[in-house]
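As a plain string of letters, each chain reads:
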Amino acid sequence: MSRIAIIGAGITGVTTAYALARRGFNVTVYERHRYAAMETSFANGGQLSVSNAEVWNHTATVLKGLRWMLTRDAPLLLNPSPSWHKYSWMGEFLRQIPNYRVNTIETVRLALAAREHLFSIAEREDIQFDLERRGILHIYAHRKDYDAAARVNVLLREGGLDRYAVGANEIGLIEPALQGQFYGGFFTPSDSTGDIHKFTRGLADACVRRGVEFRYDTSIDSIKQGGDGHFTIDATNAGARNVDVFQQIVVCAGVGSRAFGAMLGDRVNVYPVKGYSITVCLDDEQSRRAAPWVSLLDDKAKIVTSRLGVDRFRVAGTAEINGFSRDIRADRVTPLVEWTRRLFPEVSTARVIPWAGLRPMLPRMLPRVGRGKRPGVFYNTGHGHLGWTLSAATAESLAQAIET
Ligand SMILES: Cc1cc2nc3c(=O)[nH]c(=O)nc-3n(C[C@H](O)[C@H](O)[C@H](O)COP(=O)(O)OP(=O)(O)OC[C@H]3O[C@@H](n4cnc5c(N)ncnc54)[C@H](O)[C@@H]3O)c2cc1C
């Protein structure tokens, strides 16, 4: 049987390995870290959110982004220094504005399909990942923002999502822990949250039980295709060279996918859109009581939250177009802590764990799933701000593409 190499053990690589292993393929996963899910799939916002399917390629969003450039603690930061990668990506992003509607509806459909796959995988493999099926509540303090969100809601519903408007009173009933004045919101009862890292690690274990080989601590340096069509992967493990041959390759390398695309003859213009999270440790009884269980999305602040079990509260947000740096900057973390203090004043922020990750984003904000130009090359990458939400469906589509 032909051998398939998957590059990357983030959520996309591991779900792909699982979908292929279930179909009986011989799969090897390469990962430069010691464990699965150590890069962007480590501490994200936790939302399995069909309700966050709106793509960002909209004139109003771009104009808002330009205004934010002038504000220091704004949710978006753009480093204007020259870079072909950055500006080519931004040019393509703007050219996708006419496709805003179609791409948003397509994302909703994909996310709905992913939901069913993910729940059935977790059940089949008995993966515990702090899943909370309590819905996601989008909140708005001002009427203008709420009215804009109502227009997006029409698209989300057109894609098949059951999501409804709620008034200030209902917001308080849905999540009593939430403090502050709100004009209104939208609630999606069928959305959920969970710990992406726990899920990915649990699924990697399930893959091993199904015969998948993981080569951790192994960084791929180059891939070459021979005259017979086979791929030679040249990698380094603990300083030693590791060379192996495969018949098919699947690129799931997150923000590294652009470089692999170039090696394999494809243009995969993934850009690293940086984001931050804090994990608030709910160490005392009062904090545990005062932190919300229903997941929130504050659209104006661009902040999402997840309750991860009894004693962790995740708050994530911000988007930076600023290259590959994963440095954690205090001035980007502070707004997340302040937001938590403002909306949940009785939650202690004495112990918060900050994290930064790079969203692998394609200009049209839908992932690339399927064949490359050369025979034997496949991609399942570029899931941007929704990799956790979408990956269970894209892995299935990719496995089907390889099977046929
Ligand atoms: C702050 C933040 C909040 C987010 N919140 C949400 C959310 O609430 N809901 C949601 O759905 N999504 C969210 N996302 C997006 C989601 O986390 C990502 O889309 C997803 O994790 C990307 O998974 P991936 O497998 O593509 O990439 P990764 O998880 O980065 O995996 C790629 C892997 O490839 C490996 N790799 C790369 N190059 C090599 C090489 N040369 N050799 C060997 N291995 C290599 C890397 O080490 C890495 O482990 C958020 C992202 C951020 C940053």
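Quick caveat: nothing in here was measured; it's all calculated off a predicted structure. (Residues numbered from 1 in each chain as written. Predicted model: local features only at pLDDT ≥ 70, side-chain atom pairs only at ≥ 80, totals over all residues. Heavy atoms only, no water.)

1. Structural notes on the overall build of the protein
Put simply, the rule is: Note on conventions: DSSP H or I runs of at least 4 residues are helices, E runs of at least 2 residues are strands, and numbering of each starts at the N terminus. Burial here depends on accessible area, computed with a 1.4 Å probe over protein chains only, as a share of the maximum for the residue type. Under 20% is buried, over 50% is exposed, and the range in between is partly exposed. Residue contacts follow a heavy-atom distance rule, with two residues in contact if any of their heavy atoms lie within 4.5 Å. Computed with a 1.4 Å probe, the accessible areas rest on the Shrake-Rupley method; for each residue, only the protein chains presented here act as cover. For the charge count, each Lys or Arg is scored as positive and each Asp or Glu as negative, with His and the chain ends excluded. One atom stands in for each charge, and that atom is NZ of Lys, CZ of Arg, CG of Asp or CD of Glu.
Within the protein, the secondary structure is distributed over eleven helices and 20 strands. Taken along its principal axes, the extent of the C-alpha atoms in the protein is 65 × 45 × 40 Å. Taking all 404 residues of the protein together, the buried fraction comes to 56%. The long-range share in the protein, meaning contacts at least 24 apart out of those at least 6 apart in sequence, stands at 75%. Surface exposure of the protein reaches about 17100 Å², of which carbon and sulfur atoms provide 52%. Taking the 50 positively charged and 41 negatively charged side chains of the protein as two groups, their mean positions are separated by 5 Å.

2. Describing the side chain of K86
Filter applied, for reference: Any Lys or Arg side-chain nitrogen found within 4 Å of a carboxyl oxygen on Asp or Glu counts as a salt bridge. Polar contact is the term for a pair of N or O atoms within 3.5 Å; when the atoms are in protein, one must be able to donate a hydrogen and the other to accept it, and sequence-neighboring residues count only if both atoms are side-chain atoms.
Within the element layout of this structure, K86 appears in helix α3 (residues 84-95). Although K86 lies buried, it forms no salt bridge, and the closest oppositely charged side chain, E320, sits 10 Å away as judged by the N-O distance. Of note is the side chain of K86, whose polar atom sits 2.8 Å from the backbone oxygen of S81.

3. Some remarks on the side chain of E92
With respect to the secondary-structure elements, E92 resides in helix α3. There is a polar contact of 2.8 Å between the side chain of E92 and the side chain of R267. If sequence neighbours within four positions are ignored, E92 has contacts with R267, N269 and P363.

4. Observations regarding the sheet that holds strand β2 (residues 26-30)
Remark on secondary structure: sheet strands pair via backbone hydrogen bonds, oriented parallel or antiparallel. So the rule is basically this: Only strands joined by at least two bridges in the DSSP assignment are considered to pair. Fitted lines through C-alpha atoms serve as axes, helices being fitted only where they are in contact, and the angles separating the N-to-C directions of these axes extend from 0 to 180 degrees.
One open sheet accounts for six strands, arranged β9-β2-β1-β13-β20-β19; its pairing is mixed. One side of each edge strand has no neighbouring strand; the edge strands of this open sheet are β9 (213-215) and β19 (368-371). Taken pair by pair, the neighbouring strands of this sheet meet at an average axis angle of 20 degrees, ignoring direction. Pairing analysis gives five bridges linking strand β1 (residues 3-7) to β2, with the strands arranged parallel. The residue bridging I6 from the neighbouring strand is V29, located in β2.

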